Every structure is written in structure tokens, then in C-alpha cells.
Amino acid sequence: MDKFCEEKVKVQFGVKLLDAVLCVPTQAGDVHTAVVLTHGAGGDMNFRHLVSVAQALASSGSLCLRFTCKGLNLPYRVRAYKAVWEYLNTLEKFSIRHIFLGGRSMGSRAAVALARQLSEAAAAEAVAGVICLSFPLHPPGQTHAHRQRSEDLRGLPEEMPVLFVSGTVDDMCDRALLETVVKDMTAPVDVLWLEGGGHGLAVRGRSEDSVLDEVNVRVVTWTLKHAAHVKDQS
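Residues numbered from 1 in each chain as written. Predicted model: local features only at pLDDT ≥ 70, side-chain atom pairs only at ≥ 80, totals over all residues. Heavy atoms only, no water.

(A) The overall build of the chain, seen in detail. Along its length, the chain carries 6 helices and 8 strands. In the chain, the succession of helices and strands from N to C terminus is β-β-β-α-β-α-β-α-β-α-β-α-β-α. For 234 residues, the compact-globule estimate of 2.2 N^0.38 gives 17 Å, and the chain sits close to it at 16 Å. Taking the principal axes of its C-alpha atoms as reference, the chain extends roughly 45 × 40 × 40 Å. By the burial criterion, 53% of the 234 residues in the chain qualify as buried. Intrachain contacts of the chain at a sequence separation of at least 6 include 73% that bridge at least 24 residues. (Helix = DSSP H or I, 4+ residues; strand = E, 2+ residues; numbered from the N terminus. Rg over C-alpha atoms; globule rule 2.2 N^0.38 Å. Buried < 20%, exposed > 50% of the residue type's maximum accessible area, 1.4 Å probe, protein only. Contact = heavy atoms within 4.5 Å.)

Written out as C-alpha cells, the structure is:
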């Protein structure tokens, strides 16, 4: 018996409709944790890594909503992300108490930016944490240009945990530079470094499935840990 089911939905965003998929645990009545995921500058919500993470989360009991938003304009992507977050909050058939925001590459920048906005709007409990898959800290090879992209990371509040999943040879996320940024952040941070992984998280000598399994285990474990922590505090 499958541990989850998938449902295609449409999310209102201004005059547009965003394509999205709800990945729902079989025991949907017991769902209290939700994770939102979106893709990078290219591709869409059906990027294999996002589908794999979403299904792993749903199999562990968390609702996952992944969505597509085309465009390279970050403020536009953030507004679309907020529309999806608002949509998730209207789903009365679930008793969602904790919402984690996440994404891959540019999608993770949008997640971080929205998490910061919501925290600054006195809605600190609106986001339980942020998941950054291949966060693009700087353009390829341009480490000097990281300040603007790391500003939202440094602006996250101390009660909002962050998980980074990055490759050690990602040309858009220098390892030493990210570790420096992490030291400047007030938010609690965990990092999964994939040895030899690039921006697409491909690792020479390892199958894609083995890499995805490692990523999924960390994302699921981290999410459940921090959802339980929020529950203990409430």
C-alpha cells in the first residue's frame, strides 16, 4: 500500500493560476506538518530531486506542496511563493501547525526571502524553518558578489532553523564562503555537504539514487526534529 497520494491543484496568483501538486500522506487526518518546495531558475516542480524529496516527506507523514513558477525575477518569485503559502493556510481538511519553506537553487532564495518577510511582519510562527537545496550564494565563479544573496539569510530570526544541502564543488556556493555566512547568521543552521557534488548535486562515482537517498534522509530527519521542537514549545 502506498504511503502517499498526489493531487494536482491550481493556486491563484493575481490573474494567473500556478500549477502545483499536493503530496499527501495516506493517513491525512494526522498531518500537522507541511513543507513547500519550488524549483530553480529553470525547470519546474517535476524536477526529479523535488519529486523525490516531496515523496519522502509524505511517506514520513508530512504534507508536501510543490509548485511551478517560471521567471527569473526574484521579487516576482517571492510574491508567487507567498500566494502558495496563503493557499496552504486555507486547506481546512488538514490540521497544519508547522509550515517549512524550501526550494532548490533560486527557489531556495525565494523561500528564504519570504521567510524573512513573514518574520519581520510579526508572523514569526508562520514559518517553522527553511530548507535550501543548492542555495546559489553567488553567480558561477563570482564569489565577490555574495553579499546581496546572503542578506536575507543573515536577516532570518534566531528561532528559525535552516538546513542547507550543498555540494562541495558547487560553482555557485563556495564552501568556505557559505561557512562564513553561516557564522554571521543568527538562525540555527545545519549543513549537509555532499562530497564532490556540484550545483545539480551530481557526485562522480555515485548513482543519482544514492545521492537522493542521502538527501531525503537528512531533509526528513531534520524536518521531523524541528517540527517536534516547535510542538514542545507550544
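And the narrative resumes.
(B) Quick look at the sheet that holds strand β8 (residues 189-194). Strand order across the open sheet formed by 8 strands is β1-β2-β4-β3-β5-β6-β7-β8, with mixed pairing between neighbours. What marks the edges here is a single partner per strand, and that holds for β1 (4-13) and β8. On average, each strand axis in the sheet is tilted by 20 degrees relative to the strand beside it, whichever way the strands run. Bridge count between strand β3 (residues 33-38) and strand β4 (residues 63-67): 5 bridges; the pairing is parallel. By the bridge assignment, V35 is partnered in β4 with C64. (Pairing = 2+ DSSP bridges. Axes fitted to C-alpha atoms, helices over the stretch in contact; angles between N-to-C directions.)

(C) A look at empty space enclosed by the protein. Inspection of every chain in the model, using the stated rule, returns 1 cavity of 30 Å³ or more. The volume enclosed by the largest cavity comes to roughly 50 Å³. Looking at the largest cavity, the residues that line it are H49, V53, R104, L133, S134, L201, L212 and V215. Of all elements in the fold, only α1 (48-59) and α6 (208-233) reach the threshold of two or more residues within the lining of the largest cavity. In terms of residue class, the lining of the largest cavity is built from 5 nonpolar, 2 polar and 1 charged. (1 Å grid on protein atoms, 1.4 Å probe; cavity = no way out; pocket = protein on both sides within 12 Å on 5 of 7 lines; lining within 4 Å. Points joined across faces, edges and corners; volume = space filled by probe spheres on them. Nonpolar A, V, L, I, M, F, W, Y, C, P; charged D, E, K, R; others polar.)

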